[in-house]
Amino acid sequence: MSTPPEEVVSATRIGVVGCGYVGISTALGLHTLGFDVTALDVDPIRIDALCSGDPVIEESGLVEVLAAALDSGGLRFATGTELGGVDVVFLCVPTPLGVRGAADLSILRNVVDAMSGSLADDVVLVVKSTVPAGTCAQVEEMLRERGCGAAVVSNPEFLREGRAMADFFAPDRIVIGGPDAAAVAKVAALYAALDARIITTDWATAELSKQAANAYLASRVSFVNGLAQLANAVGAEVDTLLEALGADSRIGPHFLKPGPGWGGACLPKDTAAIVALGRSHGVELHIANAAVIANASHQGYVADLIRSRAGGSLRNRTVAVWGLAFKAGTGDLRDSPALALIAMLLVEGAIVRGYDPTVAPEHLLEGVSVCSSAIDACTGSDVLVVATEWREFAEIDFVEIASVMNGRAVVDARNCLPADAVRAAGLDYTSLGIR
Ligand SMILES: NC(=O)c1ccc[n+]([C@@H]2O[C@H](COP(=O)([O-])OP(=O)(O)OC[C@H]3O[C@@H](n4cnc5c(N)ncnc54)[C@H](O)[C@@H]3O)[C@@H](O)[C@H]2O)c1
């Protein structure tokens, strides 16, 4: 990574609205590239934490990057919607699941409405939030109705939680779209120092590229989860099966890991949103829709596995659940498949003892005793379920685990434990597909 040309850095002051995963990564990434950045959020507690060096979110390397940024100056966090004197504003606010699966754009619209009066006409407003195709056009219309001439550019974010900063500095691609070539070029220039493939296009293509990526990933995981079920049924070695599948250069090895169902803050809402977008245009996205249905069904399959290993009923059975975050490397619990699974176990009368390295025992999680260690969660449990693939789970002493458990059943819904070591400890190991 080099730095952008001095004339670009000195002439471009950045504003960021929304200090969550995307906003913090964008603010810190652009500040590291040399830009002066002001980042806003509605949450004063979050802003206070960021000002004092607490990045609020669990992300590798973020504490250090934030500390260095605060030390060096040129980075401010504040509440409010006033961003005077900036040249480019990145909108990184939530676009949650709305009615009938469509994206709820009310926060984004409110922010545009509130800012429109204070944005100079030569400002570029960049929509980084994930939005359906057509949103940037609507944002521009809103601005014009309010007498604001700022240009609107789509620059969807593709970061992966747990790798947010790494993905900022080494993205697979950067997509920038809009009808105003100068505005698109201005945004592209911000990333000039990165060794990244920059794809410039129109609004709709840029907007759709993000939802399409997430819907494809969701579909791929659902396909693999279905294969894992079939592997269990026919006695196929799932790791070898997926190795053989991924070795095909037309398919590739990534995102071919069975799990308890896809979740997190993005895949569920973005897959639902692209299906809803398709329907609003008379296009039925059968595959993406099937992925949503398959995911719900797969979560039921995993719950069935746990019940059967618990002896046919979960009533008053104690289940240890390792992992609460939606995936390893993040503390994000939003739409976590672990929590969806736990909800099913609780409905069936199970007693759930959960553990996650990012979730403190004081954390209130309805119906769950949050434990301070993996072994603590297993103490007295009838079944152990692995719901998040934290590396530390694979390194645990399973003889010790067997000694504190009441039952023998281990359901590895992430296929991440060393199967031989678990069996050697006298435990009854079940995975998604044979291992
Ligand atoms: N998390 C991811 O991995 C990821 C990846 C790519 C894209 N996205 C998309 O980026 C957008 C933001 O996602 P996120 O995960 O960073 O969300 P987040 O929930 O982590 O953060 C959003 C932030 O916006 C703030 N906010 C809410 N309303 C606001 C307002 N009116 N003014 C200022 N700040 C406001 C919230 O307080 C919060 O701090 C969404 O559209 C999401 O789909 C997320």
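Since this is a predicted model, take the numbers as computed values, not measurements. (Residues numbered from 1 in each chain as written. Predicted model: local features only at pLDDT ≥ 70, side-chain atom pairs only at ≥ 80, totals over all residues. Heavy atoms only, no water.)

### Focus on the sheet that holds strand β9 (residues 318–322)
Here is step 1 of the chain: Spatial strand order, β11-β10-β9-β12-β13-β14: 6 strands in an open sheet with parallel pairing. Each of the sheet's edge strands pairs with one partner strand only, and the pair in question is β11 (368–370) and β14 (428–431). Pairwise comparison of adjacent strand axes, ignoring direction, gives a mean angle of 20° for this sheet.
Here is step 2 of the chain: Taken together, the 5 bridges between β9 and strand β10 (residues 351–355) define a ladder with parallel strand orientation. Its bridge partner lying in β10, Ala320 is registered against Arg353. (Pairing = 2+ DSSP bridges. Helix = DSSP H or I, 4+ residues; strand = E, 2+ residues; numbered from the N terminus. Axes fitted to C-alpha atoms, helices over the stretch in contact; angles between N-to-C directions.)

### Regarding the UniProt feature "domain: UDP-glucose/GDP-mannose dehydrogenase C-terminal" (unreviewed entry) in the chain
Here is step 1 of the chain: The residues that UniProt annotates with the feature "domain: UDP-glucose/GDP-mannose dehydrogenase C-terminal" (unreviewed entry) are residues 320–419.
Here is step 2 of the chain: Measuring from the first to the last C-alpha atom of residues 320–419 gives 18 Å, for a span that is 28% helix and 19% strand. (UniProt positions renumbered as here; feature names shortened; annotations may be inferred.)

### Looking at helix α6 (residues 135–145)
Here is step 1 of the chain: Residues of α6 that are buried include every one of Thr135, Cys136, Val139, Met142 and Leu143, and no others. Here the buried residues of α6 occupy an arc of 115° about the axis, which is enough to place them on one side.
Here is step 2 of the chain: Positive backbone phi, at 80°, marks Gly147, one or two positions downstream of α6. (Buried < 20%, exposed > 50% of the residue type's maximum accessible area, 1.4 Å probe, protein only. Arc of directions from axis to C-beta.)

### Side note on the site of the ligand
Here is step 1 of the chain: Near the ligand, the surroundings consist of 25 residues, among which Val22, Asp41, Thr95, Glu161 and Lys269 are the closest.
Here is step 2 of the chain: At 3.0 Å from an oxygen atom of the ligand is found a main-chain nitrogen or oxygen belonging to Tyr21.
Here is step 3 of the chain: Thr95 places a side-chain nitrogen or oxygen 2.5 Å from an oxygen atom of the ligand.
Here is step 4 of the chain: Bound to the protein, the ligand loses 88% of the 820 Å² it would expose on its own.
Here is step 5 of the chain: Contributions of two or more residues to the shell around the ligand are made by α2 (21–32) and α5 (106–116).
Here is step 6 of the chain: Each of two domains, domain 1 (6–201) and domain 2 (217–431), supplies a minimum of three residues to the shell around the ligand. (Near = heavy atom within 4 Å. Polar contact = N/O pair within 3.5 Å; in protein donor to acceptor, adjacent residues only side chain to side chain. Areas by Shrake-Rupley, 256 points an atom, 1.4 Å probe, with all protein chains shown as cover. Domains from an automatic or database assignment.)

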